[in-house]
Amino acid sequence: MSMTEKGYLVAVDAPLKEALTYLPPEGVSSLERGASVTVPLGKRTARGIVLKPTDKIDPGLALKPMLGADHTRPLLPPAYMDWLEWLANYYVHPLGQIVETVFPPLPKEGRGSRKSKVVNDDVTPAPAPHLTVEQSRTVEAIQKTEGFAVHLIHGVTGSGKTEVYLRLLDSVVKSGKQGLVLVPEIALTPQLIDRFSRRFPGSIAVLHSHLTEREKTDQWWSVVEQKKKILIGARSALFCPLMNPGIIILDEEHEPSYKQDEKLKYHARDAAIILARNLNIPIVLGSATPSLESWSNAQSGKYQLHTMRERAQAKSLPDVEVIDLREVYRQRKETPSDLPHWLSDTMFEALEQTLSRGDQAALFLNRRGMAQTAQCQACGYKAECPNCSVALTLHASSYLVCHYCDYSERASELCPECKEAPISAIGLGTEKIEAEMARLFPNARLARADRDEIQSRDDLEKLIADFESERTNLLIGTQMIAKGLDFPKLNFVGLILADLGFHFPDFRASERSFQLLTQVSGRAGRQTSGRVLIQTYNPNHPSISYTLAGDYLGFAEQELNERRELLYPPFGRMALFRIQSAQAESGNLAGKRLVHRAKILQNRFEVFKEGIQVLGPAPAPLAKLRGKFRYQIIIKCDSAQKLNALCRQILSTTDWIPKATKVQVDIDPFQMM
Ligand code: ADP
Ligand code: ZN
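Quick caveat, the model's predicted, so the values are computed rather than measured.

Asks: How would you summarise the pairing of strand β9 (residues 230–233) if you had to cite specific residues and measurements?
Replies: In β9, alternate side chains face the same way, and those of I230 and I232 on one face and L231 and G233 on the other are all buried. As paired strands, strand β7 (residues 178–182) and β9 are joined by four bridges and run parallel to one another. The partner of V181 across the bridge, within β9, is I232. Where strand β8 (residues 204–207) lies against β9, four bridges are found, and the strand directions are parallel. Its bridge partner lying in β9, L207 is registered against G233. Once the chain exits β8 it traverses helix α6 (residues 213–224) before rejoining the sheet at β9, and the crossover so formed is right-handed.

If you want it as structure tokens, here you go:
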């Protein structure tokens, strides 16, 4: 072999930490960064993507040539290649396994040319309305910036953010470029797609997880070949390369569903910002309740803030009332009631009136996961970790445990605050509510919407269609559907137990509650003015009082002050190590060793000495799942770079991990279960 021979680093689709070096395929003299290739890997053939040429070739190594270049796949533009490398690096994930997610599942041409039903192009084009003052101010300010900039639109629901997006996209499309619009999966309804399609007939592509492989492939190519100008999608649409990009828009930027919890644990908002930076284009984030991360970036001037306070169309707001369940508890101690303890007479009567009028009602339970939280029914007291300010959860009915730092205490027989009632587990689920409702309202037409009932997009669309056509009239659900509450005959919404939201063993519990309460309490514009009741044992909780006052700024300020003290995001960065093992002892041992490794690194390296807190190991809130014991370790750090370096070092060897035990790291975790 000649001296001038050049090798190439290739990110191979396999669970390998590093890229591999190959010679070019026979008869090919040079390859470009971003080219798709096939390579030999052991005895099999694997797909890969070319990163760059390398001359750092170990002379003792017999390099293998690649098998061929894959010309059926387009060359990935440099900005996307840089972005994929950033993702791999930032989220500590093998690059080769990310690259494959860029491409569609099937080869390009399907047999025959079926007309795609993904986007309804048979729509009557809709003219653009005259913008309100706030809308035009926002559009102009965004269009004034050149190249990369992050814009945050803080606009109450109904302020016309979507109309602003449409206007921005209009300019982008007119200049011959493409736009990407990301929305939470659940918001990607046919109604939304039609709204875009009416404005840009024939120019819309859609990508979400419930399309068939053929549909995904066709939609992907229509964007890559620039037949479609606007791609609307859920978080994974971010991976579809725009060859002529003009703007990225990400609606409901605070939505936790933008974070992927498995495989590559990326946050679509953060990843989209990096992508926009690489592409040198603007990105627009929108929300009525921005995440505190984005909010503080807007406060510091890193993002440009645009505020929209008025609704685009005048609609009356529903009345929102808070019901104090402590009062209900006291009254029922004197006069027992046939109603369950979580249902006040007021809520019961409101339901009865609504249904007998022929209107519709919805009941919500803001439940996530299955962690056992506990509180006093007489005073609403909940136990909090003295170190971490997160709710303690109940284990074996007798211990209260912190899932961050492993602090624990015996659950006392009587509430330590009021000494009136025991601290008991909140064992309320949607099924139980449904059963009670069937008993109390035998004529109601019930529908239940939770993760057990609604498994697919079709389920969700059927649920909405049934409610719309009044085949059902009493909807019981978790927060997953709180968003889609846009029904003309829906006149009553009840939140059964706001406290469930306050008690998530998660530092974002208050923020999430505030977001949900704001959504449910119909600051959101709806067709009719209705009534909203919020039941709680903690009527003075800041999430409730700030929601009622419609005071996002006040809430953000108070919540940020609390987070600052404990180095929680956005002030510190966080990494969560999840450990899963078939044996409890192995899982615990892995956790202890991991903490020990972190301590050793802190002692050895100057950079790690300051600004790092290692918490745990603690049992995860879901301490056992699918036969696996689960532990977690949280690392808080004052810098993202430092945290990244530490996590990499911890995982640089794996010989300390016991058999049948898995250790994974989640950077900027959202789901603490
Ligand atoms: P958001 O995205 O902030 O919730 P939308 O863009 O969906 O708000 O607007 C809320 C409602 O107001 C929609 O029915 C929309 O058609 C209407 N709307 C928005 N902008 C205007 C406008 N400039 N003139 C008239 N109606 C508008
Ligand atoms: Zn703690």
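Asks: Give a detailed account of the environment of F148, specifying residues and quantitative values.
Replies: For F148, the position within the fold is in the loop between α3 (133–144) and β6 (149–155). Owing to a relative accessible area of 29%, F148 belongs among the partly exposed residues under this scheme. F148 sits 135 residues away from I283 along the chain, and the two C-alpha atoms are 7.3 Å apart. Beyond its immediate stretch of four places on either side in the chain, F148 contacts I273, A276, R277, N280, I281, P282 and I283.

Asks: Report on helix α14 (residues 509–520), specifying residues and quantitative values.
Replies: Taking 1.5 Å per residue, twelve residues should reach 16 Å; α14 reaches 16 Å between its end C-alpha atoms and fits that length. α14 sits mainly inside the fold: eleven of its twelve residues count as buried. Those residues of α14 that fall on the buried side of the exposure criterion are A509, S510, E511, R512, S513, F514, Q515, L516, L517, T518 and V520. Those residues of α14 hidden inside the fold are in contact with α8 (292–299), β22 (490–495), α13 (499–502), β23 (531–536), α15 (542–548) and α16 (552–566).

Asks: Lay out the pairing of strand β4 (residues 44–54) in plain terms, naming residues and giving numbers.
Replies: Taken together, the six bridges between strand β1 (residues 7–12) and β4 define a ladder with antiparallel strand orientation. Paired with A11 across the two strands is I49, which belongs to β4. Pairing of strand β3 (residues 36–41) with β4, which is carried by six bridges, proceeds in the antiparallel orientation. Among the inter-strand pairings, P40 is bridged to a residue of β4, identified as T45. The turn joining β3 and β4, which pair antiparallel and follow one another in sequence, is formed by two residues; a positive phi near 60 degrees is taken by G42.

Asks: Can you tell me about the nonpolar core, naming the residues and giving the values?
Replies: Ranked by size, the top nonpolar core spans 115 residues in total, and within it W83, L84, L87, L238, F239 and F577 carry the most contacts. In terms of residue count, helix α1 (residues 78–90) provides more of this core than any other element does, nine residues in total. Here F239 is in contact with W83, L84, L87, I98, T101, V102, L264 and Y266, once residues within four sequence places are set aside. Residues I323, L343, F348 and I476 belong to the second largest nonpolar core, which totals 29 residues.

Asks: Outline the coordination of the zinc ion (ligand 2), supporting the account with residue identities and numerical values.
Replies: Taken together, C385 (SG), C388 (SG), C402 (SG) and C405 (SG) make up the full set of protein donors to the zinc ion (ligand 2), lying 2.3 to 2.4 Å away. Around the zinc ion (ligand 2) sit four donor atoms; with metal-centred angles ranging over 106 to 111 degrees, the donor geometry is tetrahedral. Of note, the donors binding the zinc ion (ligand 2) are all from one chain and are spaced C-x2-C-x13-C-x2-C. Separated by 14 residues along the polypeptide, C388 in the loop between β15 (374–376) and β16 (393–395) and C402 in the loop between β17 (399–401) and β18 (408–410) bring together distant segments of the chain. Of the two residues examined, C388 and C402, each falls in the buried class.

Asks: Account for the site of ligand 1, naming residues and giving values.
Replies: Near ligand 1 there are 16 residues, and of these H130, Q135, G158, K161 and T162 occur at the shortest range. In this structure, G160 approaches ligand 1 through a main-chain N or O atom, which is 3.0 Å from an oxygen atom. For ligand 1, an oxygen atom lies 2.6 Å from a polar atom in the side chain of T162. With the chains in place, 75% of the 560 Å² that ligand 1 exposes on its own is no longer accessible. When residues of the shell around ligand 1 are assigned to their parent elements, the largest contribution, three residues, is made by helix α4 (residues 161–174). A class-by-class count of the residues in the shell around ligand 1 yields four nonpolar, nine polar and three charged.

Asks: Give a description of the sheet that holds strand β13 (residues 319–324) that names residues and reports values.
Replies: If you walk across this open sheet you meet the six strands as β13-β23-β22-β14-β21-β20, and the pairing is parallel. Both edges of this open sheet fall to β13 and β20 (446–449), since each of them pairs with a single strand only. Strand-to-strand, the axes of this sheet are offset by a mean angle of 15 degrees, without reference to chain direction. Two elements, strand β14 (residues 360–365) and strand β21 (residues 474–478), share five bridges in a ladder whose sense is parallel. Bridge pairing in β21 links F364 to G477. Running over the sheet, helix α11 (residues 430–440) touches β14, β20 and β21 and is turned about 165 degrees from β21.

Asks: Break down the sheet that holds β1 for me, with residues and values.
Replies: With respect to topology, five strands assemble into an open sheet ordered β2-β1-β4-β3-β5, the strand pairing being antiparallel. The open sheet is flanked by β2 (20–22) and β5 (68–69), the only strands paired with a single partner.

Asks: Pulling in residues and values, what's your account of the packing of aromatic side chains?
Replies: According to the stated counting rule, one finds 16 aromatic pairs in the structure shown. Each ring, one from F507 and one from Y568, has its centre 4.8 Å from the other, and the planes form 5 degrees; the classification is stacked. In this pair, F507 sits in the loop between α13 and α14 while Y568 sits in the loop between α16 and β24 (573–581), placing the two residues 61 residues apart along the sequence. Each member of the pair F507 and Y568 is classed as buried. An aromatic cluster of three or more residues is present, and its members are W295, F514, Y546, Y552 and F555. Cation over ring: K636 sits above Y568, and NZ or CZ is 4.3 Å from the ring centre.

Criteria and cut-off values
- Note that residues are indexed from 1 along each chain, following the sequence as it is written.
- As they are written, the chains are lettered A onward and the ligands numbered 1 onward, keeping that order.
- In keeping with the predicted nature of the model, local features appear solely for residues at pLDDT of at least 70, side-chain atom pairs appear and are counted solely at 80 or more, and the whole-chain, interface and lining totals rest on all residues.
- Side-chain measures were taken over the full set of non-hydrogen atoms in the model, leaving aside hydrogen atoms and water.
- A 1.4 Å probe rolled over the protein chains alone gives each residue an accessible area, and that area as a share of the maximum for its type sets the label: buried under 20%, exposed over 50%, partly exposed in between.
- Counting from the N terminus, the helices are the DSSP runs of H or I reaching at least four residues and the strands are the DSSP runs of E reaching at least two.
- Strand pairing is assigned whenever DSSP detects at least two bridges linking the two strands.
- Classification remark: right-handed applies to a crossover when, strands pointing away from the viewer, the course from the first strand over the helix to the second runs clockwise.
- Throughout, a contact is declared for two residues whenever any of their heavy atoms are within 4.5 Å.
- Each residue after the first adds 1.5 Å to the expected span of a helix.
- Grouping buried Ala, Val, Leu, Ile, Met, Phe, Trp, Tyr and Cys residues that are joined through side-chain atoms within 4.5 Å yields what is termed a nonpolar core.
- In this listing, donors mean N, O and S atoms no farther than 2.8 Å from the metal, or 3.2 Å for Na, K and Ca; water is missing from the atoms, so a site can look incomplete.
- Key to geometry: four donors with every angle between 85 and 135 degrees are tetrahedral; four donors are square planar and six octahedral where opposite donors lie over 155 degrees apart and all remaining angles lie between 65 and 115; all other sites are irregular.
- Near, as used in this document, describes a residue that has one of its heavy atoms within 4 Å of the molecule or strand being considered.
- Counted as a polar contact is a pair of N or O atoms within 3.5 Å, where, for protein atoms, one must be capable of donating a hydrogen and the other of accepting one, and residues adjacent in sequence contribute only when both atoms are in side chains.
- For the accessible areas, the method is Shrake-Rupley and the probe is 1.4 Å, while residue cover comes only from the protein chains on display.
- Only Asp, Glu, Lys and Arg are considered charged, only Ala, Val, Leu, Ile, Met, Phe, Trp, Tyr, Cys and Pro nonpolar, and every remaining residue, Gly among them, polar.
- Inter-axis angles, ranging from 0 to 180 degrees, are taken between N-to-C directions of lines fitted to C-alpha atoms, where helices are fitted over the stretch in contact.
- Pairing of aromatic rings covers Phe, Tyr and the six-membered ring of Trp, with a centre-to-centre limit of 6.5 Å; geometry is then stacked below 30 degrees between planes, edge-to-face above 60, and tilted otherwise.
- For a ring to carry a charge above it, either NZ of a lysine or CZ of an arginine must fall within 6 Å of the ring centroid while also lying within 35 degrees of the normal to the ring plane.

Taken by themselves, the reported measurements are silent on function.
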